[in-house]
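Okay, here's what each chain looks like letter by letter:
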Amino acid sequence: EAQVTQNPRYLITVTGKKLTVTCSQNMNHEYMSWYRQDPGLGLRQIYYSMNVEVTDKGDVPEGYKVSRKEKRNFPLILESPSPNQTSLYFCASSLRALSYNEQFFGPGTRLTVL
Amino acid sequence: GQSLEQPSEVTAVEGAIVQINCTYQTSGFYGLSWYQQHDGGAPTFLSYNALDGLEETGRFSSFLSRSDSYGYLLLQELQMKDSASYFCAVRPPSFSSGSARQLTFGSGTQLTVLP
């Protein structure tokens, strides 16, 4: 089944404890992206990747890191999480780097930072 | 940059037609997408307008007018399962570089379908 997977789906952690949220897609998509969703603010892009080893900042990159060493994986790293990073996170992908108007989203990761 | 406005809530009854508007102010524009999201689940792609006019996909249609900086999503024969949030998103021009190569989403419209 073609899909985008994220792990974990739910995570409660404490301030300052490094964490990684994994994202993987099995559709051979070039473009991958991370979003956070907060009430009333819609989806805001954190980072995106046009292809392997090509990443760029979105609208809200502060406090996050990403890497794209393989085409299928695009992990999101929070080196020192803070309570304002409590949010619902989505990973997404699209077939071509220039067709990102149509993105396939993962199921989401609900993160709580205490 | 890009700025999009959508109504925060819309309510309609089963079987009716509803229109969700999206107005935008952008420094450049390439196309308008629509996504549906049920109760914090994964957003799913509905449609994309690269050109002015109406695009129809079953009960859903999407419209774009570049001259008016305006688009809408039209849902016909509403069903209870259409209750969800709907997001418009703009794509910048293809000549954009750096952080502009991304979708910018509106804050979403919560559609409630009543029996």
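Below you will find a few notes about this structure. (Residues numbered from 1 in each chain as written. Chains lettered and ligands numbered in written order. Predicted model: local features only at pLDDT ≥ 70, side-chain atom pairs only at ≥ 80, totals over all residues. Heavy atoms only, no water.)

1. A short note on the packing of aromatic side chains
(1) Moving on: Scanning all chains against the criterion turns up 11 aromatic pairs over all chains.
(2) Moving on: With 5.5 Å between their ring centres and 85° between their planes, A:Y35 and B:F105 make a pair best called edge-to-face. Placement of the pair is A:Y35 in strand β4 (residues 31–38) and B:F105 in strand β10 (residues 104–105), with the two residues belonging to separate chains.
(3) Moving on: With a relative accessible area of 8%, B:F105 lands in the buried category.
(4) Moving on: Taken together, a centroid distance of 6.0 Å and an interplanar angle of 55° make the contact between B:Y70 and B:Y72 tilted.
(5) Moving on: You can call B:Y70 partly exposed: its relative accessible area is 21%.
(6) Moving on: What links up through ring pairs into an aromatic cluster is the set A:Y35, A:F90, A:F105, B:Y35, B:F45 and B:F105. (Phe/Tyr/Trp six-rings, centres within 6.5 Å; stacked < 30°, edge-to-face > 60°. Helix = DSSP H or I, 4+ residues; strand = E, 2+ residues; numbered from the N terminus. Buried < 20%, exposed > 50% of the residue type's maximum accessible area, 1.4 Å probe, protein only.)

2. Some remarks on the interface of chain B and chain A
(1) Moving on: With 21 residues of chain B at the interface, the matching set in chain A holds 25 residues.
(2) Moving on: Across the interface of chain B and chain A, roughly 1800 Å² is buried in total on both sides, 54% from carbon and sulfur atoms.
(3) Moving on: Seen at the junction of chain B and chain A, the total is zero salt bridges.
(4) Moving on: Linking chain B to chain A there are four residue pairs in polar contact (both at pLDDT 80 or more).
(5) Moving on: Those elements giving two or more residues to the side of chain B that touches chain A turn out to be β4 (31–37), β5 (44–49) and β9 (84–91) of chain B. (Contact = heavy atoms within 4.5 Å. Buried area = accessible area lost by both parts, 1.4 Å probe. Salt bridge = Lys/Arg side-chain N within 4 Å of Asp/Glu carboxyl O. Polar contact = N/O pair within 3.5 Å; in protein donor to acceptor, adjacent residues only side chain to side chain.)

3. Considering the pairing of strand β7 (residues 60–65) of chain B
Residue and element names in this part refer to chain B.
(1) Moving on: Counting buried residues in β7 gives five out of six residues, a clear majority hidden from the surface.
(2) Moving on: Examined bridge by bridge, strand β6 (residues 53–57) and β7 share five bridges and lie antiparallel to one another. Considered in β7, the bridge of E56 is made with S61.
(3) Moving on: As consecutive antiparallel partners, β6 and β7 are separated by two residues, and within that stretch G58 has a phi angle of approximately 65°, a positive value.
(4) Moving on: Relative to strand β8 (residues 70–75), β7 is paired through six bridges, and the arrangement is antiparallel. Note on β8: the bridge partner recorded for S61 is L74.
(5) Moving on: Count of turn residues in the β7/β8 antiparallel hairpin: four residues, of which S69 carries a positive phi of about 50°. (Pairing = 2+ DSSP bridges.)

4. Remarks on the environment of B:A50
Residue and element names in this part refer to chain B.
(1) Moving on: Considering the arrangement of structural elements, one finds A50 in the loop between β5 and β6.
(2) Moving on: Among the residues examined, A50 registers a relative accessible area of 30% and is labelled partly exposed.
(3) Moving on: The spacing of A50 and G31 is 19 residues in sequence and 4.4 Å in space, taken between C-alpha atoms.
(4) Moving on: Leave out the neighbours within four places in its chain, and A50 touches Y30, G31, L64 and R66.

5. Structural notes on the pairing of strand β9 (residues 87–94) of chain A
Residues and elements named next belong to chain A.
(1) Moving on: With respect to burial, β9 is a largely interior element, eight of its eight residues being buried.
(2) Moving on: With burial as the criterion, each face of β9 is covered, one bearing S87, Y89, C91 and S93 and the other bearing L88, F90, A92 and S94.
(3) Moving on: As judged from the seven bridges shared by β4 and β9, these two strands associate in the antiparallel manner. Each bridged residue has a counterpart across the sheet, and for R36 the counterpart in β9 is Y89.
(4) Moving on: Pairing of β9 with strand β10 (residues 104–105), which is carried by two bridges, proceeds in the antiparallel orientation. Counted as the bridge partner of S93 is F104 from β10.

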